[in-house]
Amino acid sequence: MIQNYFKIAVRNLKRDSLFTSLNILGLSVGLATGLLILLWVKDERSFDSYHPNIERIYVERANFKAGDEVNVWEGCPAPHAPYALREIPEVEKAVRVVTAGAPLIKYGEIAAVEKLGAFADTSFFQVFKTDLIAGNPAQPFGDIHSVVLTESLARKYFGASTELSSVLGKVLTIGKDPTVVTAIMRDYPDNTSLKYDYIRPYEYLKSTFEGNIMWKSREEDWGNFGNITYFLLKPGASVSAVEQKLGNIQHTHHPADQGSFYTLQAFEKTHLYAADGDDTGAQTVGIMGIAALFILLIACINYINLATAKATKRAKEVGMRKAIGAKRSQLVTQFLVESSLVFLLSSALAIALAYLLLPYCNDIADKKLRIDWSDPTIPLLLSGVLGGALLLSSIYPAFVLSAFNPLLVMKGQLTTSKSGQANLRKGLVVLQFVCSSALLFAMYVIGQQMNYIQTRNLGFDRENVFQINLSESTYKNRDAMIRELESQPSILDVTSTSDNILQASSSTGDTNWEGKTDDNNLLITPVAIAPDYMRFFKMNLVSGTDFTGTQADSTAFIINETAAAQMGIGNPVGKRFTLWQTEGTVIGVVKDFNFASLRESIKPAIFFSKTSWHGIICVKTTGKDANKAVEAAATVWKHFDTSYPFDFAFMDESFHKMYKKEQRTTQLFKAFGMIALLISCLGLFGLSAFMGEQRRKEIGVRKVLGATVAGITGLLAKDFLKLVVIAIIIAAPVAYYFMNKWLDDFAYRIDMQWWMFAVASAAAVLIAFLTVGFQAVKAALANPVKSLRSE
């Protein structure tokens, strides 16, 4: 019996080769795309999930009230960790982490700048899952001059075939410090937020800390918010109680911060949620998940539409089978076997397509996704996608086709309109294009927002500027190096600073000012700059004066407009201001400019003159002389340091890298949106071919009576285009609502205009018209003699 079902199924599939091909193509592309998107979603949602106590790990965030706003910072003061361990019973362990910059690491003849390092408390290895291949897990650090390396970094310096246990005790030079390798840990998985190649003891950082202006130890510095602090809470601990106690600790030891409060963010959420709770990442993953479901739904709708459209062809077959005694259950089984055969072929092709396209998706998404059959979630995901799609698309056609009345069929009285199938197909086409149009709208809006971010004026001139990160040798000879750079004909201007203006992230709450109230706190970003810095970047002072390059600058401050507003004292120029232990005067207010992600509103910033802090040189050139300027700067660098590699980056490139993830996600979304539209058009193509065949005789009569090709084409196309227009009308407000919510998470965003939806709608209508029009023109051009021969 089963063999007979398969024989008939193969015969029917061969007979309608066009519909079979369209079904298999649409389903395979839809299934492959849905699978790839869901792999991406699974990877994004699985970040850091491998840690054993992930549900009890939290990251401390500092919150400062500034009028009606609350500024949220990722870092917190260093003393919070030891005080929390002593005074908060709910805290089981605490870990402080500070990124290690970009030191030069040497071993023998091998030397390289390593940018993925950190200083961390020893408890890091108990709170987070770090598998040690060699070394003592209970005491990974020997003393403050020790380091834990990842397996890949160890093999980089000591050889690919080296026995890792033999690496222990060997001495690397990190910067100028001889450092002993005391442990080797496995490389972190790709889906982790802890992307460190080496970890050094936090105690070393404490031993070298000189305070903000050489006046206090790290454990006494309540105003430095440069530490990322993690807490492992005890089971059942109250998060809100810990937050309250952390605030009390800070207020007790630093009374000036009475208006500040501290929150705990679940570590498992940090990948998709920003420190301030911004959920753009989670929303993006959700949008991609919905896109996957839409694409799978569209592919299934194609199958349902084409299967029910062929119902009239199968009606006599069903009637004859019923007349000679076939049961409905047997007919349902027959059609389900046909559907299963199509899905079997589509699934095989979909998996092959997924394997073929996976490298391209990884390249776009900058990931290392793979279809790992040993991972139990992959077969479950695949079977869920395929099984759900099979049930969704095959059950209805099977029951519709098996329900035909044999008496009406044999009399020729059964029509698709009477059976309601035509209305069903129209509804499904509308649903299909609602999904496609919504994705098209979203794709266009996301593209416009990303373009806006890339082209927005940040408030300073970053054009043709590259920044040089100084080594220890060049830092000592900074002034001489600047003079040599200024003498190069390809270089227009040179200045120096303590921070990369695009990513200035250090912050302090250790401030005071004339007119400050007890409930007003200011968490501010301090940047040391040269006297010509404002002129170099073409920043505008809205009041006051610039630095003069004289001794008077040592007690002078310039703040941005946001800082001035949050101080709450009107015009701050001439007012006393204390930063750490330096009391001075505000001499100017600079117009706000963006020095962080455009997702965030502009934060308070303060500029002061302290050249000993300058670790970055900024060089301005012209587009034409950029390569010459870089070569000249590299030559100057070698005069002062031959051991440390020349480390530079153009600011435009650095700016674009800040949004690399968003750009990659946008590219993926655009690709998947176009695939959704393609699958919808495959369905329209099949339905329009079927309708052209069904109305063959009508078209022949119309042509004999004088109808033009254009008239017949319009007649056949308008019914489908009406459905597309209805779908657009439904999709537009839905897409507007969700995209407006997505845009709300950007501090600087586009305003959605009607023309954006008009452009996306026009594109959808045009693509649908070309798809339907091809079949309509083909039907209109057919010879009427052939179509009327049987009449």
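This one's a predicted model, so the numbers in the text were calculated from it and none came from an experiment.

Colleague: Describe the overall build of the protein chain, with residues and values.
Modeller: Secondary structure assignment for the protein chain yields 24 helices and 24 strands. Counting only residues that meet the buried cut, the protein chain has 53% of its 791 residues in that class. Here the contacts in the protein chain between residues at least 6 apart in sequence split such that 80% fall between residues at least 24 apart.

Colleague: Before we move on, can you summarise the nonpolar core with the specific residues and values?
Modeller: Nonpolar side chains tend toward joint burial in soluble globular proteins. Residues Phe460, Phe537, Met539, Phe607 and Phe669 are the most contacted members of the largest nonpolar core, which totals 108 residues. For Phe460, the residues in contact, after removing those within four places along its chain, are Ile501, Leu502, Phe537, Met539, Phe593, Asn594 and Met651. Membership of the second largest hydrophobic core comes to 23 residues, among which are Leu149, Val167, Ile184 and Tyr198.

Colleague: Can you lay out the pattern of salt bridges for me, pointing to particular residues and giving the numbers?
Modeller: Two side chains bearing opposite charge may form a pair once their charged atoms approach each other closely. Applying the stated criterion across every chain, the model contains 19 salt bridges. We note a salt bridge from Arg155 to Glu151, for which the minimum N-O separation is 3.5 Å. Within this pair, Arg155 and its partner Glu151 are both found in helix α5 (residues 151-158), separated by four residues, close to a single helical turn. Judged by its relative accessible area of 23%, Glu151 is partly exposed. Taking the shortest distance from any N to any O, the salt bridge between Lys538 and Asp461 comes out at 3.6 Å. In this pair, Lys538 sits in the loop between α16 (533-536) and β18 (541-544) while Asp461 sits in the loop between α13 (421-455) and β14 (465-469), placing the two residues 77 residues apart along the sequence. A single salt-bridge network, built from bridges that share partners, covers Asp43, Glu44 and Lys367.

Colleague: Talk me through the sheet that holds strand β15 (residues 493-497); I want residue IDs and the actual numbers.
Modeller: Pairing within the open sheet is antiparallel, and its four strands lie in the order β15-β23-β14-β24. Among the strands making up the open sheet, the edge pair consists of β15 and β24 (648-650). Across the sheet, the mean angle separating the axes of adjacent strands is 20° when strand polarity is ignored. As paired strands, β14 and β24 are joined by three bridges and run antiparallel to one another. Along β24, the bridge assignment pairs Ile468 with Phe648.

Colleague: Give a description of the packing of aromatic side chains that names residues and reports values.
Modeller: Any pair of aromatic rings gets described here by the distance separating the centres and the angle formed by the planes. Summed over all chains, the structure comprises 29 aromatic pairs. Judged by centre distance (6.4 Å) and plane angle (85°), the ring pair of Tyr444 and Trp755 falls under edge-to-face. Residue Tyr444 is located in helix α13, and its partner Trp755 is located in helix α23 (residues 754-780); the two are separated by 311 residues in the primary sequence. With a relative accessible area of 35%, Trp755 lands in the partly exposed category. Ring-pair connections join several aromatic residues into one group, and the members of that group are Phe124, Phe125, Phe128, Phe141, Tyr196, Tyr230 and Phe267.

Colleague: Pulling in residues and values, what's your account of the packing of helix α3 (residues 80-87) against helix α7 (residues 239-253)?
Modeller: Helices that pack against each other are described as a pair by the angle of their axes relative to one another and the distance between those axes. Put simply, α3 and α7 touch, their axes get as near as 10 Å, and they point 115° apart. Two packed elements cross with a definite hand, and for α3 against α7 that hand is right-handed. Contact residues: α3 offers His80, Tyr83, Ala84 and Glu87, while α7 offers Leu246, Ile249, Gln250 and His253. Each residue belonging to the contact of α3 with α7 can be placed in one class, and the counts come to four nonpolar, three polar and one charged.

Colleague: Report on the pairing of strand β5 (residues 110-113), specifying residues and quantitative values.
Modeller: Here four bridges tie strand β4 (residues 104-107) to β5, and the two strands are oriented antiparallel to one another. Residue pairing across strands places Lys106 opposite Ala111, the latter belonging to β5. Between β4 and β5, which pair antiparallel in sequence order, lie two residues; one of them, Gly108, sits at a positive phi of approximately 65°.

Colleague: Residue-level account of the environment of Thr33, with values.
Modeller: Residue placement: Thr33 occurs in helix α2 (residues 17-45). When its relative accessible area of 3% is taken as the criterion, Thr33 is described as buried. C-alpha of Thr33 to C-alpha of Leu296: the two residues are 263 residues apart in sequence and 8.2 Å apart in space. The residues contacting Thr33, other than those within four sequence positions of it, are Ile295, Phe672 and Ile675.

Colleague: Residues and numbers for the pairing of strand β21 (residues 582-590), please.
Modeller: Two elements, β18 and β21, share three bridges in a ladder whose sense is antiparallel. Of the residues in β21, the one forming a bridge with Leu541 is Val590. In the sheet, strand β19 (residues 556-560) pairs with β21 via five bridges, with the strands oriented parallel. Pairing of Phe557 across the sheet is with Val586, part of β21. Relative to β21, strand β20 (residues 576-579) runs antiparallel, the two being bridged by four bridges. By the bridge assignment, Phe577 is partnered in β21 with Gly584.

Colleague: Account for the packing of helix α15 (residues 478-486) against helix α18 (residues 626-640), with residues named and values stated.
Modeller: Direction vectors running N to C along α15 and α18 enclose 150°, while the axes themselves pass 10 Å from each other. Compared by their axis directions, α15 and α18 come out roughly antiparallel. Crossing hand, α15 versus α18: right-handed. Together, Ala480, Met481, Glu484 and Leu485 of α15 and Ala633, Val636, Trp637, His639 and Phe640 of α18 make up the contact between the two elements. A breakdown of the residues in the contact of α15 with α18 according to their chemical character gives seven nonpolar, one polar and one charged.

Colleague: Which residues make up unusual backbone geometry, and what are the values?
Modeller: Unusually for a residue other than glycine, Asp48 sits at a positive phi of about 65°. Relative to the elements of secondary structure, Asp48 occurs in the loop between α2 and β1 (57-66).

Colleague: Outline a nonpolar patch on the surface, supporting the account with residue identities and numerical values.
Modeller: Taken together, the side chains of Leu356, Leu357 and Tyr360 present a nonpolar region at the surface, about 320 Å² in accessible area. The topology assignment puts Leu356 in helix α10 (residues 328-365).

Colleague: I'd like to hear about the confidence of the model for the protein chain, residue by residue, with values.
Modeller: If pLDDT is low for a region, its predicted coordinates should not be looked at in detail. Confidence along the protein chain averages 82 in pLDDT terms, with 83% of residues attaining 70 or more. Summarising per-element confidence for the protein chain, the mean pLDDT is lowest in helix α12 (residues 406-411) (55) and highest in strand β12 (residues 228-233) (96).

Colleague: Provide a residue-level description of the side chain of Thr495, including the pertinent values.
Modeller: Tracing the backbone shows Thr495 in strand β15. Its relative accessible area of 2% is what places Thr495 among the buried residues. In this structure the side chain of Thr495 is engaged in a polar contact, spanning 2.7 Å, whose partner is the side chain of Asp532. If sequence neighbours within four positions are ignored, Thr495 has contacts with Ala530, Asp532, Tyr533, Phe536, Phe537, Ile616, Ile617 and Cys618.

Colleague: Requested: an account of the environment of Leu85, with residues and values cited.
Modeller: Here Leu85 lies in helix α3. Between the C-alpha atoms of Leu85 and Phe231, which are 146 residues apart in sequence, the distance is 9.3 Å. Discounting residues that sit within four places of it in the chain, Leu85 has contacts with Val91, Glu92, Lys93 and Ala94.

Thresholds applied
- Residues numbered from 1 in each chain as written.
- Predicted model: local features only at pLDDT ≥ 70, side-chain atom pairs only at ≥ 80, totals over all residues.
- Heavy atoms only, no water.
- Helix = DSSP H or I, 4+ residues; strand = E, 2+ residues; numbered from the N terminus.
- Buried < 20%, exposed > 50% of the residue type's maximum accessible area, 1.4 Å probe, protein only.
- Contact = heavy atoms within 4.5 Å.
- Core = buried A, V, L, I, M, F, W, Y, C linked by side-chain atoms within 4.5 Å.
- Salt bridge = Lys/Arg side-chain N within 4 Å of Asp/Glu carboxyl O.
- Pairing = 2+ DSSP bridges.
- Axes fitted to C-alpha atoms, helices over the stretch in contact; angles between N-to-C directions.
- Phe/Tyr/Trp six-rings, centres within 6.5 Å; stacked < 30°, edge-to-face > 60°.
- Left-handed = near helix turned anticlockwise from the far one by under 90°.
- Nonpolar A, V, L, I, M, F, W, Y, C, P; charged D, E, K, R; others polar.
- Parallel < 35°, antiparallel > 145°, perpendicular 65-115°, else oblique.
- Patch = residues over 30% accessible without salt bridge, like charges linked within 9 Å, V, L, I, M, F, W, Y side chains within 5 Å.
- Areas by Shrake-Rupley, 256 points an atom, 1.4 Å probe, with all protein chains shown as cover.
- pLDDT = per-residue confidence, 0-100.
- Polar contact = N/O pair within 3.5 Å; in protein donor to acceptor, adjacent residues only side chain to side chain.

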